[in-house]
Amino acid sequence: MRIEVTPADVAASRYAISPLGEAVWALRVHAGQHAVPGLAPWVARTRSVFERLRRDCPAVGALMALLRRGGYNADFIQPPPDGIGRTFADELAVVRATPLGQARDELSRNLAGLRTPPAYARRIYESPDVVDRLADAIEASWMALVQPDWPRLRAVLERDLVHRAGRLLAYGWGAAVADLDPRLRWVSGGGLGAIEVADRDPRSYSLDGRGLLFIPTVFGMMINYVEPPWPFAIVYRASGVAELLGPPDPGRPEDALDRLVGRSRAAVLRALALPATTSQLVVQLGMSLGGVGDHLSVLRDAGLITRVRSGRSVRYRRTPLGDALTAD
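What counts and what doesn't
- Residues numbered from 1 in each chain as written.
- Predicted model: local features only at pLDDT ≥ 70, side-chain atom pairs only at ≥ 80, totals over all residues.
- Heavy atoms only, no water.
- Phe/Tyr/Trp six-rings, centres within 6.5 Å; stacked < 30°, edge-to-face > 60°.
- Helix = DSSP H or I, 4+ residues; strand = E, 2+ residues; numbered from the N terminus.
- Buried < 20%, exposed > 50% of the residue type's maximum accessible area, 1.4 Å probe, protein only.
- 1 Å grid on protein atoms, 1.4 Å probe; cavity = no way out; pocket = protein on both sides within 12 Å on 5 of 7 lines; lining within 4 Å.
- Points joined across faces, edges and corners; volume = space filled by probe spheres on them.
- Nonpolar A, V, L, I, M, F, W, Y, C, P; charged D, E, K, R; others polar.
- Salt bridge = Lys/Arg side-chain N within 4 Å of Asp/Glu carboxyl O.

**Q** Teacher, can you tell me more about the packing of aromatic side chains here?
**A** Any aromatic ring pair is given by two values, namely how distant the centres are and how the planes are angled relative to each other. On inspection of all chains with the given rule, the structure shows seven aromatic pairs. Ring centres of Trp 173 and Trp 186 lie 6.2 Å apart, and the angle between their planes is 20 degrees; this geometry places the pair in the stacked category. A residue pair is termed long-range when its members are at least 10 positions apart, and Trp 173 in helix α10 (residues 173–177) and Trp 186 in strand β3 (residues 184–189) qualify at 13 residues. We classify Trp 173 as buried; its relative accessible area is 6%.

Laid out in structure tokens, this is it:
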């Protein structure tokens, strides 16, 4: 696939977070459709919750039977957000507003070539309230799997969003696409250029000044939206996911960094793979405000981090020495 862009598309591009998308991706992780480095502790911790959810809510099983890799997934189930400040309730309302005819068309396309779903799932797909039943399944998945950790997850996503948006505005498309995913490549060509996606779609698409929507994800993997009525969008895996689950597991053997600066202080230093505010670190790591502040002060005095003012916020970031200490 080839997505052609112009300089005007930089100003029109934007970044957004999708709480609903995280709920659907969380189901994919538990279904074993893909693995995300660093999430094994989360999967183990929520496994019993997931099993109970699947047992008590048949529509969750019907939703999972639709999820596929390398093929079409019904767009109405996981629409891209149309704004930065969208809440889960906002996105779920969009799903519930899907016309029945559109839902049936997308479900038919989704199911083509798939193994025959269980009988209970087929009854849900054929029911007149299929949209609401699948929306109920997404809502139940959100409540059980994602919402309890959402402040910490959102902190990771927001931090990545600010970092990536700055790179796009400051350095252009090549910097924005670099290291998003191995399947993405920026090809420049005078005033024009293109994002090439290594997939099965041979077609070319033009943004024509509409810009591109970038959506970081914790639980997901790279996908793209190029079909109406959705905006052109790329979902990509956020940086810093490995540190989103909080301080190190007490049962984890200490490494050299833990022994050098202490486990909690090492967790703060590792969490600064991308710049973050004190409050973002508090919700991400589950530490007290005073504790995080003390660790930041010591790390700064040691030359391992520095602080940068961005508008009204003060963000901390690692220095080259801090990066060297946290390198694997």
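On we go.
**Q** What is the right way to look at empty space enclosed by the protein in this model?
**A** Gaps left between atoms show up when a probe the size of a water molecule is rolled over them. For the structure on display, the rule yields two cavities of 30 Å³ or more. By volume, the largest cavity amounts to about 70 Å³. Lining the largest cavity are 13 residues, and of these Ser 18, Gly 21, Gln 78, Ile 215 and Val 235 sit closest to its centre. Secondary-structure elements contributing two or more residues to the lining of the largest cavity are α2 (19–30) and β6 (213–217). Counted by class, the lining of the largest cavity contains eight nonpolar, four polar and one charged residues.

**Q** I'm lost on the layout of surface pockets in this one. Help?
**A** Reported here for the largest pocket is a volume of approximately 970 Å³. The wall of the largest pocket is formed by 33 residues, among which Gly 70, Gly 71, Tyr 72, Ile 223 and Asn 224 lie closest to the centre. Looking at the lining of the largest pocket, the element that brings in the most residues is strand β7 (residues 223–225), giving three residues. Split by residue class, the lining of the largest pocket holds 16 nonpolar, six polar and 11 charged.

**Q** Teacher, can you tell me more about the pattern of salt bridges here?
**A** Pairs can form between side chains of opposite charge whenever their charged atoms are close. Applying the stated criterion across every chain yields a total of 21 salt bridges. Between Glu 196 and Arg 185 there is a salt bridge, and its shortest N-O distance comes to 2.6 Å. Linking Glu 196 in strand β4 (residues 192–197) with Arg 185 in strand β3, this pair joins segments that are 11 residues apart in sequence. What makes Glu 196 partly exposed here is its relative accessible area of 24%. Taking the shortest distance from any N to any O, the salt bridge between Arg 318 and Asp 323 comes out at 2.8 Å.

So yeah, pure geometry; function would need other evidence.
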